[in-house]
Every structure is written in C-alpha cells, then in structure tokens.
Amino acid sequence: PVSVLYWMLRRSSCLLDRTALRKACAQQLAAIEEAGTFKHERVITGPQQSTVALADGSNVLNFCANNYLGYSNHPEVVRASHKALDTHGFGMSSVRFICGTQDIHKNLERDLSEWFGTEDTILYPSCFDANAGVFEAVLTDEDAVISDALNHASIIDGIRLCKAARHRFKHMDMADLEEKLIATQDKRIRLIVTDGVFSMDGDVAPLDKIVALAEKYNANIFVDDCHGTGVFGDGGRGTPSLFGVSDKIDILHSTLGKAMGGASGGFSSGCKEMVLLQRQKGRPYLFSNTMAPAVAAGCAESLRLLRSDSSALDHLRANTALFRSEMSAAGFSLTGHESCPIVPVMFGDARVASNFSKEMLSEGIYVIGFSFPVVPKGQARIRVQLSSAHSEADIRECIRAFVAVKKRLGV
C-alpha cells in the first residue's frame, strides 16, 4: 500500500540522515586525531588540590588547574558550602526573577561590589554566561565594539549576539586600537573590550594605556578579568587595580570558578543602571537557573578569606617568581607577564607539546599541551599554572621533571 511505502521511505531517509551525521562527525574526529590535537580527558577521583588522585590509582602533582589561591578544597570553603546545604537547600529550581533569589545571592553581589568599589553586581551561572548576556542587553546598532584579537572565546561569542558594529584590534596594539577609535567616532558608544589576563599567553592587557586612549576618544572600557581576580592588584582585586585604574573600568566581568573557590559562577559589575539593565534583558540571567546556594556560600567564603588574609596570595606570588626564574635559567622559552602564575612553556610543534606532557605525567607531573585551534598553529605549548597550594618542594619537583623530559626527548 502507498501508506506502507511512505513510512518505509521516511524511515530510510531518517536512517540516511543519522548515518550522515555520524560520518561527518567521524571525519572531523579523524582529522583532529591525525593533526595530533585530540583532547583526552583524565579522570580525577578526589578533590582538586596540589596533588590529585587519578583513575588509574596514581597520585600526581597538579600544575594545570585554575586553583590559584588553593581555595578549591580549602576546609573553610568546604565547611561554608556544607552549612548552606542545611540552611538554604541544594538548588533553587528557578531563575532569579521568578523565585530563585535568596539572601545568599544578594549578599554575595553586595560583597563583590564593595570589594571592587562598584555600584552594583549581577551574578550569572558562569562568566561565559555573563559575556553572553551583557553585549546584547546593553548595546544596539548605534554602538561599536572594539575587541582585542586574542580575547576569550566567550567574549567573541557574546559580541556576535549583539547588533553593534564589530571591530578588532591587534593584540595589545595601542596604535591599532587608536585607529579603530578614530574610525568609530560617529557611534553612540565605543566599547573597548579586553581580557585582563590572556589565559593562553599569560600576558596582561596594558590597561593604563587603554584608559588613556578611552579618555582621549570618549570610549568606555570592558575588562574580563577571570584570570586576574584573586591574583593581581591590591589584595587580589585584579588587573585594573594592578594599573591603578579600577575607577576607569565601566564594565568588569570575572569568574568565581578559578581563584575564588573554583566551583562555578560569574558576574558583571559596574554602574547600577548597566547591572539593572542586565537583570531585565540578560538572556542567560533570565533563562538559566540560579547559582546553587552551596556554591554561592563557598564563593562568599573564598572572598572573605582573601579579604582577611593575604598569605595565600603572597605564597602564590613567591611560587610564580621561583618557577619563572628557575625555568628560564634551565633554558626553557616562557611567555607572559613576569608576575603571572600562568606560565606557557613554548614548544611550537603540536606533537612535541603533546608528547612532552605525556612524559611529564610519567614523572608524576600533571600538565597539558595546548595546540591549534586553542592557540595559533606553530605556537603549541604546555601551560603551567601555579597555585598557592603548591609547596616550594612541589615547584622544584616540577622544574626537575621538565629538565629530565627535555633531556630525554632531546627538545
């Protein structure tokens, strides 16, 4: 019958479509494998800390986490999170504007605003979400975005969602930025957008120079300081504080998922009107569940620890200085700001970086090789990330392993 033939053809078409999807994905995966850039996930069976337990039963020193202040498994942070489970429950099952706002969220927003010296702060599930929310909510086709060429993927994706004219300036190139500012003088808002710390290179945006250009050409400034918060500046207030320009930054974004406990959560901070507009129009804020109460409590405790005791930050800075000086003396090519705990060890070739990281694991050091498309072709590296949780002995053991593997591989 015709009806039977119809359903047979439809079923056959569906199978063909499913096969096409599978084949297309398989081809891309094969190409990634062939290029030596396939990313394998190692499973950790315990908490995030300086020494981690892997699924194969081994224990290794971890030098690839964003756990800059060692708060990811800090007992006071864990205790605060446990307490919030008892007092505020596990989850909110709601977005903020319906029934997902607790006092714990408002208190954290208040504390962040006080710490950064801003008028108001809005929490998001992540800083990726904050970057996806702010540009579309604030900017229109009357405006222009002028973005550093090496900004984080979340910034790039967020900018794509808005209707503002898009311009890109060469990485940390102030002459090129000035050209873009001159070319956009007819726009209502000229928003200069930059990372504070560039996570793959460890370099720091020259915010003092950016501020000077912004004032000269009447522009506003957005800084994503995910890798700067808790690390740079007075008391860990980030790269704007490092350059003494905190009051010149119009929109400050950062994460609570790195130095500040390492769980999840991000925020947008600045003038009250900008923040309130995001509460009304920021799509990830309006359509994503609230940050879990236990996570918010742990982040709040991380902030309290940082504000009350500088020892973790002081130790992080000492570890950074030791590692950078000793690795340079051993003949490794390093990039980034001299005070940045993100230390790219450059190899160039993707396979070399990948093989080197595997050999490092055999030496008891957990590091990861990065290559295209995460970084430009020909600029593969191992990104070492230092933590306050590392002892001096841990740092020296990592350096020893680098030297041993370098000799063994002849690179």
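Preceding this section is the structure that the text describes.
Residues numbered from 1 in each chain as written. Predicted model: local features only at pLDDT ≥ 70, side-chain atom pairs only at ≥ 80, totals over all residues. Heavy atoms only, no water.

Draft legend 1. Main features of the nonpolar core. In terms of nonpolar packing, the biggest core is built from 76 residues, with Phe63, Leu177, Leu256, Phe323, Val384 and Phe402 touching the most fellow members. Grouped together as the second largest cluster of nonpolar side chains are 22 residues, Phe135, Val193, Met274 and Leu286 included. (Core = buried A, V, L, I, M, F, W, Y, C linked by side-chain atoms within 4.5 Å. Buried < 20%, exposed > 50% of the residue type's maximum accessible area, 1.4 Å probe, protein only.)

Draft legend 2. Representation of helix 15 (residues 392-409) within the structure. Compared with an ideal rise of 1.5 Å per residue, which puts 18 residues at 26 Å, helix 15 spans 26 Å between its outermost C-alpha atoms and is within 8% of the ideal. Those residues of helix 15 not exposed but buried are Asp394, Ile395, Cys398, Ile399, Ala401, Phe402 and Val405. Relative to the axis of helix 15, the buried residues are bounded by an arc of 160° and lie together on one face. Residues of helix 15 that are exposed and point more than 90 degrees away from the buried face comprise Ala393 and Lys407. Looking one or two places after helix 15, you find glycine 410, whose phi comes out positive at around 65°. (Helix = DSSP H or I, 4+ residues; strand = E, 2+ residues; numbered from the N terminus. Expected span 1.5 Å × (residues − 1). Arc of directions from axis to C-beta.)

Draft legend 3. Molecular detail of the sheet that holds strand 12 (residues 342-348). Read across the sheet, 3 strands follow the order 12-15-14 without closing on themselves; strand pairing throughout is antiparallel. The open sheet is flanked by strand 12 and strand 14 (368-370), the only strands paired with a single partner. Averaged over neighbouring strand pairs, the angle between their axes works out to 30° when direction is ignored. By the bridge criterion, 6 bridges tie strand 12 to strand 15 (residues 380-385) in an arrangement that is antiparallel. (Pairing = 2+ DSSP bridges. Axes fitted to C-alpha atoms, helices over the stretch in contact; angles between N-to-C directions.)

Draft legend 4. Just the environment of methionine 274, in detail. Mapped onto the secondary structure, methionine 274 falls in helix 10 (residues 272-281). Residues methionine 274 and isoleucine 251, spaced 23 residues apart in sequence, show a C-alpha to C-alpha distance of 8.2 Å. Among all residues touching methionine 274, those that are not within four sequence positions of it are Val134, Val138, Asp250, Ile251, Ser268 and Ser269. (Contact = heavy atoms within 4.5 Å.)

Draft legend 5. Broad picture of the state of the cysteines. Under the counting rule described, the total for this entry stands at 0 disulfides. Cysteine 162 provides the cysteine sulfur closest to cysteine 271, a residue in no disulfide bond, and the two sulfurs are 17 Å apart. (Disulfide = S-S within 2.5 Å.)

Draft legend 6. Here's a closer look at empty space enclosed by the protein. Summed over all chains, the structure comprises 2 cavities of 30 Å³ or more. Taken as a whole, the largest cavity spans an internal volume of roughly 60 Å³. Elements supplying a minimum of two residues to the lining of the largest cavity: strand 3 (120-124) and helix 11 (283-287). Considered class by class, the residues forming the lining of the largest cavity number 6 nonpolar, 4 polar and 1 charged. Here the second largest cavity is characterised by a volume of approximately 50 Å³. Lining of the second largest cavity is provided by Gln48, Gln49, Ser50, Asn62, Ala65, Asn67, Gln385, Ser387 and His390. By residue class, the composition of the lining of the second largest cavity is 1 nonpolar, 8 polar and no charged. (1 Å grid on protein atoms, 1.4 Å probe; cavity = no way out; pocket = protein on both sides within 12 Å on 5 of 7 lines; lining within 4 Å. Points joined across faces, edges and corners; volume = space filled by probe spheres on them. Nonpolar A, V, L, I, M, F, W, Y, C, P; charged D, E, K, R; others polar.)

Draft legend 7. Up close: the side chain of serine 241. Counting through the fold element by element, serine 241 comes out in helix 9 (residues 239-242). Overall, serine 241 belongs to the buried group, its relative accessible area being 16%. Contacts of serine 241, omitting those with residues within four sequence positions, involve Gly233, Asp234 and Ser246.

Draft legend 8. Representation of the pattern of salt bridges in the model. Within this structure, the stated rule accounts for 19 salt bridges. Here arginine 160 ties to aspartate 157 by a salt bridge, and the two come within 3.2 Å at their closest N and O atoms. Of this pair, arginine 160 and aspartate 157 both sit in helix 6 (residues 153-160), separated by 3 residues, roughly a single helical turn. For arginine 160, a relative accessible area of 55% translates into the label exposed. (Salt bridge = Lys/Arg side-chain N within 4 Å of Asp/Glu carboxyl O.)

Draft legend 9. Just the packing of aromatic side chains, in detail. Inspection of every chain in the model, using the stated rule, returns 8 aromatic pairs. By the ring-pair criterion, three or more aromatic residues cluster together here, those being Phe323, Phe332, Phe347, Phe356 and Phe402. Between the NZ or CZ atom of lysine 377 and the centre of the ring of phenylalanine 372, over which it lies, the distance is 4.9 Å. Across the ring face of phenylalanine 332, the terminal group of lysine 406 is positioned such that the distance to the ring centre comes to 4.8 Å. (Phe/Tyr/Trp six-rings, centres within 6.5 Å; stacked < 30°, edge-to-face > 60°. Lys NZ or Arg CZ within 6 Å of the ring centre and 35° of its normal.)

Draft legend 10. Structural view of the packing of helix 2 (residues 75-88) against helix 12 (residues 293-308). As a packed pair, helix 2 and helix 12 sit with axes 8 Å apart at the nearest point and diverge in direction by 145°. The two elements helix 2 and helix 12 cross, and the hand of that crossing is right-handed. Together, Glu76, Val77, Ala80, Ser81, Ala84, Leu85 and His88 of helix 2 and Pro293, Ala294, Val295, Ala297, Gly298, Glu301, Ser302 and Leu305 of helix 12 make up the contact between the two elements. The residue makeup of the contact of helix 2 with helix 12, split by class, is 9 nonpolar, 4 polar and 2 charged. (Left-handed = near helix turned anticlockwise from the far one by under 90°.)

This is a description of form; function is not addressed.
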